[in-house]
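Fold and geometry: a report
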Amino acid sequence: MRIGILGTGDVGSRLGTKLVSLGNEVRMGSRTASNPKASRWAKANGLRASAGTFADAAKFGEVVFNCTAGLVSLEALRLAGGENLGGKVLVDVANPLDFSKGMPPTLTVCNTDSLGEQIQRAFPDAKVVKALNTMGNEVMVNPGLVPGEHDTFVCGNDPKAKAKVVEILLAFGWKSPIDLGDMTAARGLEMMLPIWVRLLGTLKTRSFNFKIAK
Ligand SMILES: NC(=O)c1ccc[n+]([C@@H]2O[C@H](COP(=O)([O-])OP(=O)(O)OC[C@H]3O[C@@H](n4cnc5c(N)ncnc54)[C@H](OP(=O)(O)O)[C@@H]3O)[C@@H](O)[C@H]2O)c1
C-alpha cells in the first residue's frame, strides 16, 4: 500500500518505519518540504520511504495517518488539504493534549466532543478512524513489548475503513482490536490519556498498556 504519514515526531517515525518494514511505500509529511527530521527518516528507511509536505504525503497515501500534535492537528490537516484526504482512510492517532501549563497536560476537548469528531466534521469526505492513541509509540508497533494480553481500540463511522485499520493493526501484531463503534467513542479513547500520563509517572516505564478483562 501507499501510506501518508502526517507528522515528523516519534509517532510518525515509529509508524512510518514499521509500515515500510511491512512492505508499504510511505511518505512522511511536515509543514515544509525539507524538514530535517523527515529527510533523515526517509534516508534511514530506504527506497520505499520518502518525505515532503503534509499535502504531498496526504496526496500520496491511500491510507493517511494523522501523527501531529493534537492542538494543531486541524491546522496540519488543512495544510494537507481536504481534496487530498477525500475518500481516504484517515487514521487519527493524535491526542488533544495541552502542555502549556506544564504537567499534567489538560484535554482541550472532552466529554461531549473529541478531536476525532472535530476532524471528521472538518473533513466530512475522509473516513476517519481513531486508533492507537492510548499507548506509547513503542507499544503501537510492537505489542509484544508488554507481556501478556492487552488491548487496542478502534472507532469511526465507516465500517470498511475500520476493517482496513484493523488489518494494519493485525500486521503490527495486535490480536483482536476492540471496535468501540462510531466516532463519538473517540471521547472516551482521548479521555484515557490523563490516566495514561499518570500511570507513566507511577510505573516509570512506557512499556505498559490497558487490558480489558471480562
Ligand atoms: N508520543 C507518543 O508516544 C504518543 C502516543 C500516543 C499518541 N500520541 C499522539 O500522537 C501525536 C504525535 O505525537 P509526537 O510526539 O510524535 O509528535 P508531536 O511533537 O506531538 O507533533 C509533531 C508534528 O506536529 C506538527 N506541528 C507542530 N506545530 C504545528 C503547527 N502549528 N501547524 C501544523 N503542524 C504542526 C509538526 O510539524 P513539522 O513536522 O512541520 O515540525 C510535526 O509534524 C500527538 O497528537 C500525540 O498526542 C503520541
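Here is a short report on the structure shown in this document. Sequence order sets the numbering: in each chain, residues are counted from 1 along the sequence as written. Only residues with pLDDT of at least 70 get local features here, since the model is predicted, and only at 80 or more are side-chain atom pairs given and counted; chain-wide, interface and lining totals rely on the full set of residues. For the side-chain quantities, the full set of heavy atoms in the structure was used; hydrogens and water were omitted.

Some details on the pairing of strand β1 (residues 2-6)
Regular strands place their side chains on alternate faces of the sheet. Note the following rule: Note on exposure labels: buried denotes an accessible area under 20% of the residue type's maximum, exposed denotes more than 50%, and partly exposed covers the range between, all computed with a 1.4 Å probe on protein chains only. Only DSSP runs of H or I with at least four residues qualify as helices, and only runs of E with at least two residues qualify as strands; both kinds are numbered from the N terminus onward. Pairs of strands are assigned from DSSP output, requiring at least two bridges between the strands.
Among the five residues in β1, four count as buried, and that is most of the element. The pairing of β1 with strand β4 (residues 63-66) spans four bridges and is parallel. Across the sheet, residue Leu6 finds its bridge partner in β4, namely Asn66.

So, the site of the ligand
Counted only if it meets this: Near is defined per residue: the residue qualifies when any heavy atom it owns lies within 4 Å of the molecule or strand. We call two N or O atoms a polar contact when they sit within 3.5 Å, provided that within protein one can donate a hydrogen and the other can accept it, with sequence-adjacent residues counted only if both atoms are side-chain atoms. Using a 1.4 Å probe, accessible areas were evaluated by the Shrake-Rupley method; residue-level cover was limited to the displayed protein chains. Nonpolar residues are Ala, Val, Leu, Ile, Met, Phe, Trp, Tyr, Cys and Pro. Charged residues are Asp, Glu, Lys and Arg, and all others, Gly as well, are polar.
Around the ligand, the structure places 25 residues, and the nearest of them are Thr8, Val11, Thr68, Asn137 and Arg206. With respect to the ligand, the side chain of Asn35 contributes an N or O atom lying 3.4 Å from an oxygen atom. One of the backbone N or O atoms of Gly70 is found 3.2 Å from an oxygen atom in the ligand. About the coverage of the ligand: the protein hides 78% of its 900 Å² of free accessible area. By residue class, the composition of the shell around the ligand is ten nonpolar, eleven polar and four charged.

Some details on the pattern of salt bridges
To be explicit about the condition: Salt bridges, as used here, are contacts in which a Lys or Arg side-chain nitrogen is within 4 Å of a carboxyl oxygen on Asp or Glu.
Enumeration according to the criterion identifies eight salt bridges in this entry. Glu190 is paired through a salt bridge with Lys130; the nearest N and O atoms lie 2.7 Å apart. Residue Glu190 is found in helix α9 (residues 186-191), and its partner Lys130 is found in strand β8 (residues 127-131); the two are separated by 60 residues along the sequence. Relative accessible area serves as the criterion here: at 1%, Glu190 is assigned to the buried category. The class of Lys130 is buried, set by a relative accessible area of 0%. Linking Asp179 and Lys162 is a salt bridge whose minimum nitrogen-to-oxygen distance equals 3.0 Å. Highlighted residues: Asp179 in strand β10 (residues 178-179) and Lys162 in helix α8 (residues 159-172), separated in sequence by 17 residues. You can call Lys162 buried: its relative accessible area is 8%. Each of Asp92, Lys130 and Glu190 takes part in salt bridges that share partners, so that together they form one network.

Quick notes on the packing of aromatic side chains
Rules: In this scheme Phe, Tyr and Trp rings, the latter by its six-membered ring, pair at centre separations within 6.5 Å, and the angle between planes marks the pair as stacked below 30 degrees, edge-to-face above 60, and tilted otherwise. Counted as over-ring charges are cases with an Arg CZ or a Lys NZ within 6 Å of the ring centre that also lie within 35 degrees of the ring normal.
With the rule as written, the count across this model stands at one aromatic pair. Relative to Phe208, the ring of Trp196 lies with its centre 5.3 Å away and its plane at 25°, an arrangement referred to as stacked. In this pair, Trp196 is assigned in helix α10 (residues 193-203) and Phe208 in the segment after α10, connecting sequence segments twelve residues apart. Take Trp196 and Phe208: they sit in the same class, and that class is buried. In this arrangement the basic side chain of Arg2 is found over the ring face of Phe60, its NZ or CZ atom lying 5.7 Å from the centre.

Some points on the packing of helix α4 (residues 73-80) against helix α6 (residues 115-122)
For the record, the criterion: Angles run from 0 to 180 degrees between N-to-C directions of axes, and those axes are lines fitted to C-alpha atoms, restricted for helices to the stretch in contact. In this scheme, roughly parallel covers angles under 35 degrees and roughly antiparallel covers those over 145, while 65 to 115 is roughly perpendicular and the rest are oblique. For a crossing to be left-handed, the near helix must be turned anticlockwise from the far one by less than a right angle; the clockwise case is right-handed. We call two residues in contact when some of their heavy atoms are within 4.5 Å.
Running from N to C, α4 and α6 cross one another at 30°; their axes reach a closest spacing of 10 Å. In this view, α4 runs roughly parallel relative to α6, as classed from their interaxial angle. For the element pair α4 and α6, the recorded crossing hand is right-handed. Within the contact between the two elements, α4 uses Ser73, Leu74 and Leu77 and α6 uses Leu115, Gln118, Ile119 and Ala122. Residues of the contact of α4 with α6, tallied by class, amount to five nonpolar, two polar and no charged.

Regarding the sheet that holds strand β2 (residues 25-30)
Spatially, eight strands are ordered β3-β2-β1-β4-β5-β8-β9-β10 in an open sheet, and the strand pairing comes out mixed. The open sheet is flanked by β3 (49-53) and β10, the only strands paired with a single partner. For strand β5 (residues 89-92) and β8, the ladder comprises four bridges, and the chain directions are parallel. Directly across from Leu90, in β8, lies its bridge partner Val128. Each of β2 and β3 is contacted by helix α2 (residues 36-44), which is oriented at about 160° to β3, the strand it contacts most.

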